[in-house]
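These are the residues of each chain, in order.
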Amino acid sequence: MTSGQAAATAGPDITSRAVWAIAGPMILSNLSIAALGAVDTGVAGHLGSATPLAAAAIGSQLVAYLAWGAGFLRMSTTGLAAAASGRGDLAEEAAVLWRGLAAGLIAAIVLSALAAGFLGPLVRVFGPPPAVAALAGDYILIRLAGLPAALAVLVLVGWFVGRGDARLPLAMILATNIVNAGLDVVLALWLGMGLAGVALASAIAEWTGCLIGLAAAFRHLARRHRLRPDMARLTDWPALARFARVNGDIFVRTLLLIGSFALFMSLAGRLGTNTLAATALLLTFLTIASYGLDGMAYAAESLAGRALGAGDMAGFDRAVRVTGLWTLGLGLVAALAFAVGGPWLIRALTDLAPVRALALSLLPYAVALPLVAWACVWLDGVFIGATWSGAMRDAMLLAFAIHLGPALLLPDIMGADGLWIAFLGLFAARGLAMAGWYTIRRRRLGAALSITAPASATATAR
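Just so we're clear, the structure is a prediction, and the values are computed from it rather than from any experiment.

(A) Spotlight on the overall build of the protein chain. When its secondary structure is counted, the protein chain shows 17 helices and zero strands. For a compact globule of 462 residues, the expected C-alpha radius of gyration is about 23 Å, and the protein chain comes in at 22 Å, within 12% of that figure. Counting only C-alpha atoms, the protein chain reaches 65 × 50 × 35 Å along its principal axes. Relative to all contacts within the protein chain whose residues are 6 or more apart in sequence, the contacts with residues 24 or more apart total 84%. As presented, the protein chain carries roughly 18700 Å² of accessible surface, and 71% of it is formed by carbon and sulfur atoms. Of note, the protein chain has its 30 positive side-chain charges centred 6 Å away from the centre of its 21 negative side-chain charges.

(B) Spatial organisation of the side chain of Glu 93. Within the secondary structure, Glu 93 sits in helix α4 (residues 90-117). Residue Glu 93 is classed as buried on the basis of its relative accessible area, which comes to 3%. Here the side chain of Glu 93 touches Arg 163 through a polar contact of 3.2 Å, side chain to side chain.

(C) Geometry of the packing of aromatic side chains. According to the stated counting rule, one finds 17 aromatic pairs in the structure shown. With a centroid separation of 5.0 Å and an interplanar angle of 75 degrees, the aromatic rings of Phe 285 and Phe 338 are classed as edge-to-face. Pair noted here: Phe 285 is in helix α12 (residues 273-309) and Phe 338 is in helix α13 (residues 313-349), with a separation of 53 residues, a long-range link. The two residues Phe 285 and Phe 338 agree in class, both being buried. Three or more aromatic residues joined by ring pairs make a cluster, and in this case those are Tyr 65, Trp 68, Phe 261, Phe 264, Trp 420, Phe 423 and Phe 427. Sitting above the plane of the Trp 159 ring, Arg 163 keeps its charged end 5.0 Å from the centroid.

(D) Highlighting the pattern of salt bridges. As enumerated under the stated definition, the model contains twelve salt bridges in all. A salt bridge links Arg 143 to Glu 206; its shortest N-O distance comes to 3.1 Å. Of the two residues, Arg 143 sits in helix α6 (residues 130-143) while Glu 206 sits in helix α9 (residues 195-224), which places them 63 residues apart along the sequence. Relative accessible area serves as the criterion here: at 11%, Arg 143 is assigned to the buried category. Across the pair Asp 165 and Arg 167 runs a salt bridge, and its minimum N-O distance is 3.8 Å. According to the relative accessible area criterion, Arg 167 is exposed, its value standing at 65%. Counted as one network, the salt bridges with shared partners bring together Asp 249, Arg 393 and Asp 394.

(E) Fine view of the side chain of Glu 206. Judged by relative accessible area, which is 14%, Glu 206 ranks as buried. Excluding its chain neighbours within four sequence positions, the residues that come into contact with Glu 206 are Arg 143, Gly 146, Leu 147, Ala 149, Ala 150, Val 153 and Thr 176.

(F) Structural detail: helix α3 (residues 72-86). The terminal C-alpha atoms of α3, which comprises 15 residues, lie 21 Å apart, in line with the 21 Å expected from a rise of 1.5 Å per residue. The element α3 is extensively covered by neighbouring structure, given that 14 of its 15 residues are classed as buried.

(G) Inspection of a nonpolar patch on the surface at higher detail. Taken together, the side chains of Ile 106, Val 110, Leu 114, Phe 118 and Leu 122 present a nonpolar region at the surface, about 450 Å² in accessible area. Along the polypeptide, Ile 106 turns up in helix α4.

(H) Focus on the layout of surface pockets. What the second largest pocket holds in volume is close to 700 Å³. Around the second largest pocket, the lining comprises 22 residues; the ones closest to its centre are Leu 62, Tyr 65, Leu 66, Leu 122 and Ile 258. If you list the elements that add at least two residues to the lining of the second largest pocket, you get α2 (50-69), α4, α5 (119-124) and α11 (237-270). Ranked by the residues each element gives to the lining of the second largest pocket, the list is headed by α4, at six residues. In terms of residue class, the lining of the second largest pocket is made up of 20 nonpolar, two polar and no charged.

(I) The nonpolar core, seen in detail. The biggest cluster of nonpolar side chains holds 134 residues, and the ones touching the most others in it are Leu 282, Phe 285, Phe 316, Phe 383 and Trp 420. Here this core gets 18 residues from one element, more than from any other, and that element is helix α14 (residues 353-385). Once you skip the residues sitting within four places of it in the chain, Phe 316 turns out to touch Ala 304, Ala 307, Leu 308, Val 382, Trp 388, Tyr 438, Arg 442 and Leu 445.

(J) Seen up close, the packing of helix α7 (residues 147-162) against α12. Orientation of α7 relative to α12, taken along the N-to-C sense of each, is 55 degrees, at an axis distance of 9 Å. The pairing of α7 with α12 is recorded here as oblique in orientation. Of α12, the residues touching α7 (which contributes Val 157, Val 161 and Gly 162) are Tyr 298, Ser 302 and Arg 306. Taken together, the residues of the contact of α7 with α12 break down into three nonpolar, two polar and one charged.

So, how was this worked out
- Residues numbered from 1 in each chain as written.
- Predicted model: local features only at pLDDT ≥ 70, side-chain atom pairs only at ≥ 80, totals over all residues.
- Heavy atoms only, no water.
- Helix = DSSP H or I, 4+ residues; strand = E, 2+ residues; numbered from the N terminus.
- Rg over C-alpha atoms; globule rule 2.2 N^0.38 Å.
- Contact = heavy atoms within 4.5 Å.
- Areas by Shrake-Rupley, 256 points an atom, 1.4 Å probe, with all protein chains shown as cover.
- Lys, Arg positive; Asp, Glu negative; His and termini not counted.
- Charge placed at Lys NZ, Arg CZ, Asp CG, Glu CD.
- Buried < 20%, exposed > 50% of the residue type's maximum accessible area, 1.4 Å probe, protein only.
- Polar contact = N/O pair within 3.5 Å; in protein donor to acceptor, adjacent residues only side chain to side chain.
- Phe/Tyr/Trp six-rings, centres within 6.5 Å; stacked < 30°, edge-to-face > 60°.
- Lys NZ or Arg CZ within 6 Å of the ring centre and 35° of its normal.
- Salt bridge = Lys/Arg side-chain N within 4 Å of Asp/Glu carboxyl O.
- Expected span 1.5 Å × (residues − 1).
- Patch = residues over 30% accessible without salt bridge, like charges linked within 9 Å, V, L, I, M, F, W, Y side chains within 5 Å.
- 1 Å grid on protein atoms, 1.4 Å probe; cavity = no way out; pocket = protein on both sides within 12 Å on 5 of 7 lines; lining within 4 Å.
- Points joined across faces, edges and corners; volume = space filled by probe spheres on them.
- Nonpolar A, V, L, I, M, F, W, Y, C, P; charged D, E, K, R; others polar.
- Core = buried A, V, L, I, M, F, W, Y, C linked by side-chain atoms within 4.5 Å.
- Axes fitted to C-alpha atoms, helices over the stretch in contact; angles between N-to-C directions.
- Parallel < 35°, antiparallel > 145°, perpendicular 65-115°, else oblique.

Shown next, in the form of structure tokens:
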């Protein structure tokens, strides 16, 4: 056992309070991000014409896809930090952060170069008129200045959550969103910078959140270990190989998930403008449900990962069970809320009679969505915490393969109903595939890992 590793470790205390200590702040963070989106849209909508609003919608979506594609940085950091924290390995805990920040910087440089180099074709995918396309391109170029900070924030959030601290991520995200909202008004409206001001506000805010997170992380490292990176740890090739493998697996899974949503929207567009509009409207319900479900997934990542890192199998099982019950509960609450309040929300979101009528007819599928999706969101958290990235990737591959046939056939046969049935099938297939892999992995752990041998946890988890 190294000097940076505790002589003995104990798993986290797995209670509902511990679950909500992580899930609660992350749910609040998600809500603040949603509120910021409303502010951005509102400011863009007051710039004198529809052109800035359309350009902001295209530009922000493309930037969001870049960040979503790099989401593997957050997930892998959470799992690896949780394992190191659970077994009390402070040196590896610090190394996880440094590796993640280095990977985030490299990813930001590569993604920024690709986005800038292919800016025209990327914007034209949305089919905007020339004025909108030009404004969206300018918006994206300004936003790219904040991409290194945005990816660093992903790593920092993952690192803090992996260690069981959700308060600092909440502070980082709240600070980012407050600064962003304030600068939106000052730069875009008061100083007359227009959409460029909206983009610049986002970039400055991302760096603000990044600097707050870095200051907190470095203060922690200086207090508990040391601030200077341990080069022997950073160049530990087995650890680097594992880091690369976990990130690669999650990246493939994320690309497939993005592809699934892109296919869903593309097929909706083939069914007509009204179907596309109603589908986009109903996806708002999924976004709302994800605020709570994702918060529980964060709790599963941290608690399951730290218990497994400590070799505490009883704690691991309890983390899986308690977070699963709470995730199911939130899924039920979301479904009930959509069933009761869905018609009101649809009427609030659009006054277009054909779109409203179609959305109302498809509402049962939105109600069913959290009842079907909760399991794969919860198990995503468990798999990330246990760093079972290979199984996570394979489950998504299997689910996508199963989903592809119905997705291509059912809309032609059943119209919008077939489209949504196939979409629900994707989540059901993911949940079932992950449940199967979980059963296999848990059985292996039961055979290979005992409570008295915490160091074996990371040797068996992938």
